[in-house]
Each structure stands twice: as C-alpha cells, then as structure tokens.
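Next come the chains, spelled out residue by residue.
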Amino acid sequence: MSSKRQIHVGPVPIGGGAPVAVQTMTKTETANLAATMEQIRTVAEAGADIVRVAVPREQDVEALRTIVAESPIPIIADIHFNHTLALKAIEAGAHCVRLNPGNIGGPEKVAEVIALAKLHGTPLRVGVNSGSLPKHLRELEYENPVEALVTAATETVELMERLDFENFKVSMKSTSVPNTIASNRLLAERIPYPLHLGVTEAGTKWSGSLKSAVGLGTLLADGIGDTIRISLSTFHAEEEVKVAWEILKALKLRQRGPDLIACPTCGRLQFDMDKVVVEVEQRLEAYEDPIEVSVLGCAVNGIGEARHADFGITGAKDMGMIYSKGEPLKKVPTEQLVEELFKEIDRYYAAGKTVQRDEGAAEEARRWLAENEDETAMTPERIAMLEAAAAENDEAADAVLESMLGEGPAAPAGVAGATNGNGGNGAVMDEAVSPVAGRRFSRD
Ligand code: SF4
C-alpha cells in the first residue's frame, strides 16, 4: 500500500510503488561548502538517495547553487519561517524544498512559494510536527494527539489542493513511536500523496536506531512510507544512512551490499567471535554485491542454519573452517580465518562468481568438521528448528521426536543433527531444554 501518487526529487521517484528512498540531512553549516560537500559525498557513498541541507541564512542559500551543481544526489533545502529563503532556494535549483506551511508567514506567502515551485517544477515536502501544531488543534492534541497530528497534516494537504498544487510529499513528525505509527497509518488511508517517515529526535545511535527500526519498520512492513530518514544524534550523517538500509534490508524491501549473518554465540563459543564479526562486517563494506556471509561461533552445530550462506566461517580453538553453500571449502588456523575467507570471496568474484573448490582441501575440511561436530548437542539452532517443526503441525513434531529418539523416519529436511536416537548415537531428549518435549509430553 505505497502511496498512489508519485513525485520526483531530481531523478529519484518517491511513492507510487517506487523503492523506498533513503535520505539523510547534513550536519555541517551549509555555507561551509567544503565541509558540506564532503559530507554529501560520504552519505551518497553510504547509499543515500537524497540529502537535505539546512538553509536558515542568506549565506546558506547562496551556497546552495554550487551544492546543487556539484552534488552526486538530489538536494532538499530545509527551510523554516522565511518564505524568501524558500523562493531563493527554488531559484537556486534545489530539487525539493521542505517547509511547514504553518510557520512560513501566512497563506499569501505559502501561495507565493507554491506559484514559484509550479513554475520551476520543484516538489515540496510539507508537514507538521507534534511540537508545533496550529492553535485551533491544541485541545484536540490534548485529548487525542494522533488525531490532532493527522488533522493538521490533512489541513495542510487541503491547502495545497486549494492552491492547485499536487507535487508534494507529506511528513508528520513525532518523538513518540506509537504516535508515529498510529498517525501514519491513519494518514495513509486518507491521502494519496507520498509519505516521508521518521521518528523525530530519536536519540543516540543505539536508542535512535532501535526506535526508528520499531516505528518505521512497523509502518514499512504494512507497506506505508515512501521515503525514510533516521534521525540520530551524531555528526556522522552516514550512520543514519546505514541504519536506514539495515531496516530496508531486514524487511527485504531493498538490497544493498552483503548481508552478514552471525550466530548469537553461547557457551559453546570457541574463539573471539566479537572481534571476528566486527572485522568481517568492516571488510564487507568494500563489496557491493548482496552476497550472504555467515559467522558461526563453533562447529558443534555443523554448518546448520548457515548452509544457504554464500560464504561462511566456523571456528574452534586452533582451527576453523571456511564453507560455501553448505559445503566445506578448507580448514585454516583460527587466526587466519578472516583473511582466508576474503581470499575465497575474492577468488569467487575473479572467477565470475563461481566458487573455487580444491577437492583435497575440501575433504580435509570435511574430516575436521566431522571430528568437531556434535550431533547430540542441543544447540540454539537445533532448538529453533525443533520449535519450527513443532509449530508446523503435530505430524512434523512427531517426526522430529521419533527421529531424535531413534524410533522412526529421519527428521524433516533442515533439522540437521536431529537424527540421533537412544539406540543410535546416544542423543537423549532433554526435557529441561527441549521446547518440543515440553509441549508434547506431560510432566506429571
Ligand atoms: S552452538 Fe550455535 S550459538 Fe552457540 S556458539 Fe555454536 S554456532 Fe554459535
């Protein structure tokens, strides 16, 4: 349910089924051309589709013309209170102007900006903030903040329509995650225009990312939202872009760069995985292809749930293994795991995306895995697979149980290592840890 209408910010389509656009805002003084352009290039490289710059002073609007000309991505001019700056920003070639019609100086001044925007074909982002709703909505805001926010936004939309202007997107900003979700759900039902999503003043990189992931992720999962900005209290705007991409990638809405999957670790961990995961994540930033790379903390579980990964590593105290698509490639000393992983990834690309296998090395790795794998271990991964089978239906659960107890057919595909039984290689159902057992057997 993306918006029915589509606008274009420069060449970037927003709404109407277009991919959700990632945007951020520079943190530099806009008039400082060198610093602003450096940050724009950094965020563009990190994956920003659009970038907004603050234009609070004359010197900023003067810098805007150069910024628009030199920027690799479209520029939105962010303007408050001063309609003259909005007019100048449009004339400077800004690809979009963000303003709040409620604080720009009255209907005549709004009409003046709209007239020039029409002339130049410049889209606007119009919107409302929970902290600055019009006076006539204050009582409603007290009783029902969500309805007050949505009413303010729809009144703005009606003003645009009265001025015969449709080239805009709408935002409603609130610091409250539940209000952001509820108000955007309501607004999406009421208007056909593209929606800009964000949780305003979300906080630090840690808390702000989580709030944004919950708020924006919930809406995006419902198909609501056409462009997003993550607001974080950091000078490094590229961090906002990275978080935005992680949200979109997690929802499979867009793809960009590799996907790193890593086990949560547990008491079976046998090497310094924290360090390894950070290093792998950093080195993967140099790759653009959406390959999946997995890091497992031990070989007890075999390759387990990571068998679909394009490449992965699993380690033990001294030795580890590199695998691809569920097949061992080679065993290497633990301290060389990361280096050798990237050698294999680079060989794959050099060979036109073909995994390069050395059968001798693969056989050696297979033997190492067999020695280190423990099919009887009730690992978090196996517990998850058993839970999934149990949730599927009773028959699937029975099949898993029977196979574990060695009384019946093998466990369903995907339940790796669950094929042991009392009469087989010694696996015993542990009622204390098995959710399947807990569900299936009475403890009386
Ligand atoms: S059992 Fe699973 S979660 Fe624990 S260290 Fe091994 S792979 Fe990671």
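Above this note sits the structure.
My aim in this report is to walk through the structure given alongside it, one point at a time. Here the structure is a predicted model, which is why all the values come from computation and not from measurement.

Conventions adopted
Residues numbered from 1 in each chain as written. Predicted model: local features only at pLDDT ≥ 70, side-chain atom pairs only at ≥ 80, totals over all residues. Heavy atoms only, no water. Pairing = 2+ DSSP bridges. Helix = DSSP H or I, 4+ residues; strand = E, 2+ residues; numbered from the N terminus. Axes fitted to C-alpha atoms, helices over the stretch in contact; angles between N-to-C directions. Contact = heavy atoms within 4.5 Å. Buried < 20%, exposed > 50% of the residue type's maximum accessible area, 1.4 Å probe, protein only. Lys, Arg positive; Asp, Glu negative; His and termini not counted. Salt bridge = Lys/Arg side-chain N within 4 Å of Asp/Glu carboxyl O. Polar contact = N/O pair within 3.5 Å; in protein donor to acceptor, adjacent residues only side chain to side chain.

### Notes on the sheet that holds strand β4 (residues 50-54)
Line of reasoning, step 1. Pairing is parallel around the closed barrel formed by 8 strands, whose spatial order is β3-β4-β5-β6-β7-β8-β9-β10. Geometrically, the sheet is characterised by an average inter-axis angle of 25 degrees between neighbouring strands, direction not taken into account.
Line of reasoning, step 2. The pairing of strand β6 (residues 96-99) with strand β7 (residues 124-129) spans 3 bridges and is parallel. By the bridge assignment for β7, V97 is matched with L124.
Line of reasoning, step 3. Packed on one face of the sheet, helix α2 (residues 58-70) meets β4 and β5 (75-78) and runs near 170 degrees to β5.
Line of reasoning, step 4. Helix-sheet contacts for helix α6 (residues 145-162) involve β7 and β8 (168-173), and the interaxial angle to β8 is about 160 degrees.

### Description of the side chain of E292
Line of reasoning, step 1. Within the secondary structure, E292 sits in strand β12 (residues 292-296).
Line of reasoning, step 2. Here E292 is buried and forms no salt bridge, its nearest opposite-charge partner K252 lying at an N-O distance of 5.5 Å.
Line of reasoning, step 3. Within the structure, E292 has its side chain in polar contact with the side chain of H308 (distance 3.5 Å).
Line of reasoning, step 4. Residues contacting E292, with those up to four places away along its chain left out, are D259, I261, H308, A309, D310 and F311.

### Details of the pattern of salt bridges
Line of reasoning, step 1. Counted by the stated rule, this structure contains 28 salt bridges.
Line of reasoning, step 2. Here R254 and D49 are joined by a salt bridge, their closest N and O atoms 2.8 Å apart. Within this pair, whereas R254 is found in the loop between α9 (237-250) and β11 (259-262), its partner D49 is found in the loop between α1 (33-46) and β4, the two being separated by 205 residues in sequence. Assigned by exposure class, R254 and D49 land together as buried.
Line of reasoning, step 3. When the shortest N-O distance is used, the salt bridge between D222 and R185 registers 3.0 Å. Highlighted residues: D222 in the loop between α8 (205-221) and β10 (227-229) and R185 in helix α7 (residues 177-190), separated in sequence by 37 residues.

### Quick notes on the sheet that holds strand β15 (residues 327-333)
Line of reasoning, step 1. The sheet built from 5 strands is open, its strands ordered β11-β12-β13-β14-β15 with mixed pairing. Only two strands of the sheet have a single partner each, and these edge strands are β11 and β15. Averaged over all adjacent pairs, the angle separating strand axes in this sheet is 20 degrees, with direction ignored.
Line of reasoning, step 2. Relative to strand β14 (residues 319-324), strand β13 (residues 311-315) is paired through 4 bridges, and the arrangement is antiparallel.

Shape descriptors only; they carry no functional weight alone.
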